[in-house]
Amino acid sequence: MDMHGMDEVTRVNVDDFDCSVQPGVTRGALDAHLKSTGLFFPVDPGADASLCGMAATGASGTTTVRYGTMKENVIAMQVSVQIEPLSSEFLDTAQVIACNAYSKLTLPEKPHLFLEFHGATDTEVTKQSATVGDICASNNGSAFAYSTELSQRQRLWKARHSAYYAALSMCPGKRGISTDVCVPISKLGEVVAATHEDLQTHGIFGPIVGHVGDGNFHVILACHDSDPEEKKKLQAFIDRLASRAISVGGTCTGEHGIGIGKRHLLEQEVGPGALNTMRVIKAALDPHGIMNPGKVV
């Protein structure tokens with residue numbers, strides 16, 4: 001099929017560092033289109049190939065060592081454009097309080113964003129840290145602090161990795177229920193704020209923690225197995241959270257998967273056409289319904 005005529009860049013979202021293109025758009029054409037935004041498409045195979053062909057072959061290139069291959073730069077056939085990568089983790093106030101108690105920390109009881117800077121030299125890491133500090137200050141952020149001490153870094157990341165257990169320690173006798181969503185980065189603050197409001201309105205304890213570099217965050221809930229009303233209340237919250245994420249162009253799950261608990265949300269996210277296609281493929285591969293019976297859509 002000749003797709004050369006399908007050569008339009010249909011959308012550029014500068015805030016989220018991504019764009020949508022038709023399959024005939026070439027790497028060079030996309031870069032030219034992005035030039036005025038200050039962004040660029042990082043995969044350079046050494047030829048002005050079509051993005052469709054590059055995606056089909058999983059192309060790599062001259063910049064792969066830093067930015068990865070097409071596999072890392074195409075999400076659901078949506079081309080992403082990148083800036084300097086950072087590891088980032090968000091903890092809201094409730095999660096910070098829990099981590100302080102559980103991991104014996106003394107972090108200020110306010111939302112935190114943990115960042116890890118990588119570089120070839122100490123100078124490069126210090127420069128990145130200073131730049132982010134300036135960004136925090138210009139956006140009325142609170143105190144920005146960083147450390148190159150290995151023990152301090154390990155202690156903070158260990159606290160983050162224990163976040164689930166820290167949250168549950170605030171609810172003795174209850175079982176944990178963790179749910180997650182993923183939203184465009186430009187909508188992250190809005191969705192997190194709306195989620196906090198939802199938790200407060202319905203009297204639900206749910207610390208928020210997330211790998212927010214890609215818009216993914218988790219809400220850690222807890223309930224008594226013997227309390228069906230509490231379970232019902234939490235499930236209603238999970239459904240509202242998922243619908244909120246979908247409504248802004250996100251997904252009802254970033255890491256946990258659809259599974260059984262969110263399969264009723266699948267049509268809302270992908271639409272009836274895509275869902276029917278999945279059913280047709282499933283029927284073709286499993287005509288007798290013996291694979292995971294009763295657990296698929």
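Residues numbered from 1 in each chain as written. Predicted model: local features only at pLDDT ≥ 70, side-chain atom pairs only at ≥ 80, totals over all residues. Heavy atoms only, no water.

Asks: I keep staring at the nonpolar core and nothing clicks. Help me out?
Replies: A general trend in soluble globular proteins is that nonpolar side chains are found buried together. Leu199, Ile208, Phe217, Val219, Leu221 and Phe237 are the most contacted members of the largest nonpolar core, which totals 20 residues. Every element with two or more residues in this core is listed here: α9 (188-201), β9 (216-223) and α10 (228-247). The dominant element in this core, judged by the number of residues it contributes, is α10, at five residues. If we ignore the near neighbours within four places in the chain, the residues touching Leu221 are Leu168, Arg175, Gly176, Ile177, Thr179, Leu199, Ile204, Phe205, Gly206, Leu234, Phe237 and Ile238. Within the second largest apolar cluster, 14 residues are counted, among which are Val96, Leu105, Ala163 and Ile220. (Core = buried A, V, L, I, M, F, W, Y, C linked by side-chain atoms within 4.5 Å. Buried < 20%, exposed > 50% of the residue type's maximum accessible area, 1.4 Å probe, protein only. Helix = DSSP H or I, 4+ residues; strand = E, 2+ residues; numbered from the N terminus. Contact = heavy atoms within 4.5 Å.)

Asks: What should I look at first to understand the pairing of strand β5 (residues 87-91) in this one?
Replies: Residues in a regular strand point their side chains to alternate faces of the sheet. Of all the five residues making up β5, four are buried; the element is thus mostly covered by neighbouring parts of the structure. The pairing of β5 with strand β6 (residues 112-116) spans five bridges and is antiparallel. Opposite Phe90, over in β6, you have Leu113 as the bridge partner. Sheet topology places β5 next to strand β8 (residues 208-210); two bridges connect them, and they run antiparallel. Its bridge partner being in β8, Leu91 is matched across the sheet by Val209. (Pairing = 2+ DSSP bridges.)

Asks: Just to check I follow, could you spell out helix α11 (residues 266-285) for this structure?
Replies: Along an α-helix, residues three or four positions apart point the same way, because every turn accommodates 3.6 residues. With 20 residues, α11 extends just 20 Å between its outermost C-alpha atoms, more than 12% less than the 28 Å of an ideal straight helix rising 1.5 Å per residue. At Pro272, α11 shows its largest bend, some 90 degrees. For α11, the set of buried residues is Leu266, Gly271 and Leu275. (Expected span 1.5 Å × (residues − 1). Bend = angle between axes of the 7 residues up to and from the residue.)

Coordinates in, geometry out; function isn't part of it.
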